[in-house]
Structures are given as C-alpha cells and as structure tokens.
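An overview of the molecular structure
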Amino acid sequence: MVGVVVVAVLAVCAAALVYLAMAARVVKQYERGVLFRLGQVGGEVRTPGLNLIIPFVDRLQKVNMQIVTLPVPAQEGITRDNVTVRVDAVVYFRVVDAVSALVKVEDYKFAVSQMAQTSLRSIIGKSELDDLLADREKLNQGLELMIDSPAVGWGVQVDRVEIKDVSLPDTMKRSMARQAEADRERRARIINADAELQASRKLAEAAQQMAGTPTALQLRLLQTVMAVAAEKNSTLVLPIPVELLHFLERAGQPQPVQQPQQQAPQRLPDTAPQQVPETVPPGPAPHTDGGPHPG
C-alpha cells in the first residue's frame, strides 16, 4: 500500500515538472511577450522574466524592442536637375507597440525596408544634386518623416535616417573637378593680385621714406646681402662699384650753403659796323639882295 502511494506521488511530481517545463516561458530584458490564446490576443503584454502559459492553448510570441539598424539598398534615380545618381541610406528604428507590430503588419522589418526604398527614390527625384551633396541634414529629416508617417500605425518608431553615400557618374565627377579647379585658380589669382597691390603700396611708401635718407638704402642693401649670404649653398656676386657707395655716403651728408656770386654785366653780342652816309657841311646862306657871291 505504501509503495503504491509513493509511486503515485512520484508520478504526480513528474507530471507537474513536465507541465511546468511546457508552461514556463522566459522573456529577456530587451523583449516583450504577446500572448495569443486560441488565436486571440489575451491579456497584457508580458514583461521580462518568467511567465507561465497554458500548454496547447496559449502561444507566446516575443518581440525585440531594441533599435534595429536597417541598411537601405542603393537606389538609382534622376535628380530634379537631370543628373543620374545612386544613393544608399541607413534607417534606425525600434518597436514601441509589440501588439501592433505583430497584428497589423505581417513582417514589420520588411515593410520598413520597402517603405525606406520607395521614400529614398522619391526624395532623389524631388532634390537637386547640390542638395544631395551639401544639404543632407534637411534631406535626412524629410526622409525620416516620409518613413515614419506610415510606420506609426505598425507600432514602429523611426529614430533616425542617414544618407550614407551619393555615387555620381565619372563624367559628372570630372566636370565637377574641373569646375572646382577653375574656381580655386580664380581665387588664387585674385589673392595674388591683391598681394601684389598691397606689396606695391608698401614698396612705394618705403621708397618715399628712403628718398629722404639715402643711407637707409645702403643699409637695406647690406641687410639683403646678409640674408642671401645666410644660405651656404649660394654664391653672391655684387657688381656694384665702391664709388657708388661713397657717392651715397656723400649724398647723405648735408651740403654747405654757397654764397651767391655777383653777376658780370652782360656783354652785347658783336655786330658788324654799320656804314654812316657822308653828310655835306652846310655852306653860307645865300644872299637875297642880288649881290655877287663871295669867292
């Protein structure tokens, strides 16, 4: 009799252990459990930890609540300014409603992937090439809004969308490279011309400053000689005579004031003697009384 009771107790314990093994479900910290009882959603979402279900009646479906990184395949399209490009992106999303993610959509990951591809092709056609290359932040926000709008009904929240790369044709790359090179060359010429203008102004001011003191020009020449002589691998030849330096020294000394000299009277230029016509001396006045003339 005692043996039968012991066997019965052991059988009950074994059945209880089997039941617990079939009914126990463990939900991890980053998961949530949705219970389907006879095909219907039953009760609240199961939290992390040990959860018991009714075997052969309940089915516990686990949903990952972590952020999912979904790469979007490269999409080829034509921009608004008629340039063919290939753009790929990446979508970061997570499940916020486990029941909706399982009930309202068959495969929420595949649905988000397809929505991201169609939205990326749409954003390519609405944008210009310069916007894709320089204003990606604005395009990322627009792409995120386009994907997040239908995903809200699926219990999915899109956290961020990033455009990874924009592939251009080789001809377009060469054209852009030539444009950038020409623009940089233009800026380099403008900067060089501006530098020449400033240098010419400074040189003009220096020349005016040295014009009053010729010795400064000599000192500047010696400084230039010292600067060139500092390079040991160069030979300096100055074809300047020493007399020129002495002349510069004398030019820097003050000149004595000279007394004004008396000017000699100007001499008229010699001219040829002029011939004076001969004049007849006047004779005695004639008599008017009719007498004889004196001899």
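It should be emphasised that the depicted structure is a prediction, and the values quoted were computed from it without experimental measurement.

Thresholds applied
- Residues numbered from 1 in each chain as written.
- Predicted model: local features only at pLDDT ≥ 70, side-chain atom pairs only at ≥ 80, totals over all residues.
- Heavy atoms only, no water.
- Helix = DSSP H or I, 4+ residues; strand = E, 2+ residues; numbered from the N terminus.
- Polar contact = N/O pair within 3.5 Å; in protein donor to acceptor, adjacent residues only side chain to side chain.
- Pairing = 2+ DSSP bridges.
- Axes fitted to C-alpha atoms, helices over the stretch in contact; angles between N-to-C directions.
- Core = buried A, V, L, I, M, F, W, Y, C linked by side-chain atoms within 4.5 Å.
- Buried < 20%, exposed > 50% of the residue type's maximum accessible area, 1.4 Å probe, protein only.
- Contact = heavy atoms within 4.5 Å.
- Expected span 1.5 Å × (residues − 1).
- Arc of directions from axis to C-beta.
- pLDDT = per-residue confidence, 0-100.
- Parallel < 35°, antiparallel > 145°, perpendicular 65-115°, else oblique.
- Left-handed = near helix turned anticlockwise from the far one by under 90°.
- Patch = residues over 30% accessible without salt bridge, like charges linked within 9 Å, V, L, I, M, F, W, Y side chains within 5 Å.
- Areas by Shrake-Rupley, 256 points an atom, 1.4 Å probe, with all protein chains shown as cover.
- Salt bridge = Lys/Arg side-chain N within 4 Å of Asp/Glu carboxyl O.

This paragraph deals with the side chain of Thr 79. Within the secondary structure layout, Thr 79 lies in the loop between β6 (68–78) and β7 (84–95). A polar contact of 2.4 Å, which involves the side chain of Thr 79, links it to the side chain of Asp 81.

The next thing to look at is the sheet that holds strand β8 (residues 156–167). Pairing is antiparallel across the open sheet formed by three strands, whose spatial order is β6-β7-β8. Across the chains shown, the open sheet's two edge strands, defined by having one partner strand only, are β6 and β8. In this sheet, neighbouring strand axes are inclined to one another by 25° on average, regardless of whether the strands run parallel or antiparallel. Where β6 meets β7, nine bridges bridge the pair, whose relative direction is antiparallel. Bridging across to β7, Ile 78 finds its partner in Thr 84.

Our focus in this paragraph is the nonpolar core. If you look at the biggest cluster of nonpolar residues, it comprises 36 residues, and the most contacted ones within it are Val 85, Val 87, Val 91, Phe 93, Tyr 108, Leu 120 and Val 156. With seven residues, helix α3 (residues 108–126) is the single largest residue contributor to this core. Those residues in contact with Leu 120, other than ones at most four positions away along the chain, are Val 72, Pro 73, Gln 75, Val 87, Asp 88, Ala 89 and Leu 143.

To continue, consider helix α5 (residues 136–151). If you check α5, its first and last C-alpha atoms are 22 Å apart, about what 16 residues at 1.5 Å a residue would give, namely 22 Å. The complete set of buried residues in α5 reads Leu 139, Asn 140, Leu 143, Ile 147 and Ala 151. Mapping the buried residues of α5 onto a view down its axis gives an arc of 105°, with all of them on the same face. Opposite its buried face, α5 presents the exposed residues Lys 138, Leu 145 and Ser 149, each directed more than 90 degrees away. Looking at the buried side of α5, the elements it contacts are β7, α3, α4 (129–134) and β8.

Let us look at the confidence of the model for the chain. Put simply, the chain has an average pLDDT of 80, and 79% of its residues get 70 or more. Within the chain, the element-level pLDDT minimum falls on helix α8 (residues 242–252), averaging 65, and the maximum on β7, averaging 92. In this model, residues 268–295 is a region of pLDDT below 50 whose contacts with residues beyond four sequence positions or in other chains number one contact.

Below, the discussion takes up the packing of α3 against α5. At a minimum axis distance of 9 Å, the contact between α3 and α5 shows a crossing angle of 140°. In terms of axis orientation, α3 runs oblique to α5. Our pair here, α3 against α5, has a crossing hand that is right-handed. Residues Met 115, Ala 116, Ser 119, Leu 120, Ser 122 and Ile 123 of α3 form the contact with α5, whose own contacting residues are Leu 139, Leu 143, Met 146, Ile 147 and Pro 150.

Our focus in this paragraph is a nonpolar patch on the surface. Residues Leu 17, Val 18, Tyr 19, Leu 20, Met 22, Val 26, Leu 38, Leu 50, Leu 52, Ile 54, Phe 56 and Val 57 make up a contiguous nonpolar surface patch of roughly 1200 Å² in combined accessible area. Of all elements in the fold, only α1 (2–23) and β4 (49–52) reach the threshold of two or more residues within the nonpolar patch. In terms of residues, the nonpolar patch owes the most to one element, α1, which gives five residues.

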